[in-house]
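Now for the letters of each chain:
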Amino acid sequence: MNDQSESGPQRDPITPDALLHTGSGGEVTAEDLVLASGRDITPQNLAWAERKLAAEGPAALDKMLP
């Protein structure tokens, strides 16, 4: 008898890499970028994020997240 329920807990299949990555499908804000960088939302950090978004566009967020 080879009943899988008796063989112990089953492991979930590995999530494909493409599903683990985020995409900036919507509008990316300076606040999004600040939070993704792990910084506090301050006027200085928002200014940094706005400059980064102006230079790199929504890809700036993609570069910060896995």
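Up top you'll find the structure we're talking about.
Just so it is clear, the model here is predicted, and its values are computed rather than measured. (Residues numbered from 1 in each chain as written. Predicted model: local features only at pLDDT ≥ 70, side-chain atom pairs only at ≥ 80, totals over all residues. Heavy atoms only, no water.)

1. Examining the overall build of the protein chain
Step number 1: The secondary structure content of the protein chain amounts to four helices and zero strands.
Step number 2: Carbon and sulfur atoms make up 53% of the accessible area of the protein chain, which totals about 5,300 Å². (Helix = DSSP H or I, 4+ residues; strand = E, 2+ residues; numbered from the N terminus. Areas by Shrake-Rupley, 256 points an atom, 1.4 Å probe, with all protein chains shown as cover.)

2. Brief notes about helix 3 (residues 43–56)
Step number 1: Helix length check: helix 3, at 14 residues, gives a terminal C-alpha distance of 20 Å against a target of 20 Å (1.5 Å per residue), a fit within 8%.
Step number 2: The set of residues buried in helix 3 consists of Asn-45, Leu-46, Trp-48, Ala-49 and Leu-53. All buried residues of helix 3 fall inside an arc of 155° around its axis, so they share one side. Of the exposed residues in helix 3, those oriented more than 90 degrees away from the buried face are Pro-43, Gln-44, Arg-51, Ala-54 and Ala-55.
Step number 3: On the buried face of helix 3, the contacting elements are helix 2 (30–36) and helix 4 (59–64).
Step number 4: Residue Gly-57 follows helix 3 closely and has a positive phi angle near 70°. (Expected span 1.5 Å × (residues − 1). Buried < 20%, exposed > 50% of the residue type's maximum accessible area, 1.4 Å probe, protein only. Arc of directions from axis to C-beta. Contact = heavy atoms within 4.5 Å.)

3. Quick notes on the pattern of salt bridges
Step number 1: Summed over the entire model, instances satisfying the criterion amount to two salt bridges.
Step number 2: The shortest N-O distance in the salt bridge between Glu-56 and Lys-52 comes to 3.0 Å. Taken together, the residues span about one helical turn, with Glu-56 and Lys-52 both in helix 3 at a distance of four residues.
Step number 3: Its relative accessible area of 29% is what places Glu-56 among the partly exposed residues. (Salt bridge = Lys/Arg side-chain N within 4 Å of Asp/Glu carboxyl O.)

4. Overview of the environment of Ala-30
Step number 1: For Ala-30, the location among the structural elements is in helix 2.
Step number 2: Accessibility expressed as a relative area gives 9% for Ala-30, which makes it buried.
Step number 3: In this structure the C-alpha to C-alpha distance between Ala-30 and Leu-53, which are 23 residues apart in sequence, comes to 7.2 Å.
Step number 4: When neighbours within four sequence positions are excluded, Ala-30 is seen to be in contact with Leu-46, Ala-49, Glu-50 and Leu-53.

Any functional reading would require information beyond the geometric quantities listed.
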